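# Structural features, examined
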Amino acid sequence: MMEIIAEAKSNLEKIIGWVGSRSRLFMLFLGGTGRLIESTIRQILTPPFYISALVRQILEIGVRSFPLVAITALSTGLVMSLQFGYGLRKFGGELYVPKVVALSLVRELGPVFTSLMVAARVGAGIAAEIGSMKVSEQIDAIRALGTSPIKKLVIPRVVAMLISLPLMTAFAIFIGLIGGMIICNTELNLSAHFYYTKVIEALAMKDYLGGLAKTLFFGLAIAIIGCYEGLRTVGGTQGVGISTTRSVVLSSITIVISDFFLSKLILAL
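No experiment lies behind these values; they were computed from the predicted model shown.

Scanning the chain from terminus to terminus reveals nine helices and zero strands. Its helices and strands in sequence order give the chain the pattern α-α-α-α-α-α-α-α-α, from N to C terminus. For the chain, the spread of C-alpha atoms along the three principal axes comes to 70 × 65 × 35 Å. For the chain, the residues scored as buried account for 41% of the 269 residues in total. In the chain, the proportion of contacts linking residues at least 24 apart, taken out of those at least 6 apart, comes to 84%. About 14,700 Å² of surface is accessible on the chain, with carbon and sulfur atoms providing 71% of the total. Charged side chains of the chain number 24 positive and 15 negative; the gap between the two group centres comes to 5 Å.

Looking now at helix H3 (residues 66-89). Spanning 24 residues, H3 covers 34 Å between terminal C-alpha atoms, matching the ideal 34 Å at 1.5 Å per step. The complete set of buried residues in H3 reads Val69, Ala70, Thr72, Ala73, Thr76, Gly77, Met80, Ser81 and Gly85. Of the surrounding elements, those touching the buried residues of H3 are helix H4 (97-135) and helix H6 (149-186).

Our next topic: the nonpolar core. Of all hydrophobic cores here, the largest spans 36 residues; its most connected members are Leu36, Val118, Met161, Leu165 and Ile222. Residue assignment for this core shows that the elements contributing at least two residues are helix H1 (2-43), helix H2 (51-63), H3, H4, helix H5 (138-144), H6, helix H8 (205-231) and helix H9 (236-268). The greatest single-element share of this core, amounting to 11 residues, is contributed by H6. Discounting chain neighbours no more than four positions away, the residues touching Met161 are Ile61, Val118, Val122, Ile126, Pro166, Gly219, Ile222 and Ala223.

Attention now goes to the environment of Gly131. On the secondary structure map, Gly131 appears in helix H4. It is 49 Å that separates the C-alpha atoms of Gly131 and Ala192, two residues lying 61 residues apart in sequence.

Right, let's get into the pattern of salt bridges. Evaluated as defined, the whole model comprises 12 salt bridges. The residue Lys198 makes a salt bridge to Glu201 at a minimum N-O spacing of 3.5 Å. Separated by three residues within a single helix, Lys198 and Glu201 lie in helix H7 (residues 192-202), roughly one turn from each other. Note that Asp259 and Lys214 form a salt bridge whose closest N and O atoms lie 3.0 Å from each other. Within this pair, whereas Asp259 is found in helix H9, its partner Lys214 is found in helix H8, the two being separated by 45 residues in sequence. Accessibility assignment for this pair places Asp259 and Lys214 in one class, buried. It is possible to trace a salt-bridge network through shared partners that takes in Glu60, Arg64 and Arg121.

Rules used in this analysis
Residues numbered from 1 in each chain as written. Predicted model: local features only at pLDDT ≥ 70, side-chain atom pairs only at ≥ 80, totals over all residues. Heavy atoms only, no water. Helix = DSSP H or I, 4+ residues; strand = E, 2+ residues; numbered from the N terminus. Buried < 20%, exposed > 50% of the residue type's maximum accessible area, 1.4 Å probe, protein only. Contact = heavy atoms within 4.5 Å. Areas by Shrake-Rupley, 256 points an atom, 1.4 Å probe, with all protein chains shown as cover. Lys, Arg positive; Asp, Glu negative; His and termini not counted. Charge placed at Lys NZ, Arg CZ, Asp CG, Glu CD. Expected span 1.5 Å × (residues − 1). Core = buried A, V, L, I, M, F, W, Y, C linked by side-chain atoms within 4.5 Å. Salt bridge = Lys/Arg side-chain N within 4 Å of Asp/Glu carboxyl O.

Read these as geometric descriptors, not functional statements.
Here you go:
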């Protein structure tokens, strides 16, 4: 009996220790990202301004991510129209497919799927690039030259993300709606004019603005988390791999969880 009690006590202590360590890491993460955001806001309007670095990051984040975002958006529109179409056809409701697809893409799936794809591609790249500079002491060299790593590395990526992600989301929504129209026209016998009319009826400016507003928060989260994980990289190439994985995981979790609260806030306004 005493052995069972001792074992249970030992297991309980392990669980409490694990929860405590995870809570500590979470609080350190919140504190570190908060300080990075504060430093970014404080330095973003002060010279010097690295315009060439900003243009390079817009090219990397926006232009080179567009094919991946476009394929994802087109597939989403096709699949949604197909599934909703055959599901609602049983009840004679295929006429509502354009409205359902349009609202889903504009409010939720367009912003969220686009942000997740960018987090997987760009968030990992940011963490890997800055992490490699950290372990090779290039960031220390930047400081030695009297330049702030925040202005040189973080701010161009944050601003480029805030510019590129809403634009990519707008294009993704349009491409997804085109995919939905293709399925409605070929599989559900709904004309393109009917589809267009119902989409216009279903959507309001609030839906567009709400979906794009989410991407500003998602983009800030992706860029800040990627930079933070890169700047805290230790342990050589293995540390770079760990930082890259953590960046993608934390960015994706942040997007999925925050989407619920942002949706509640937008609907309440």
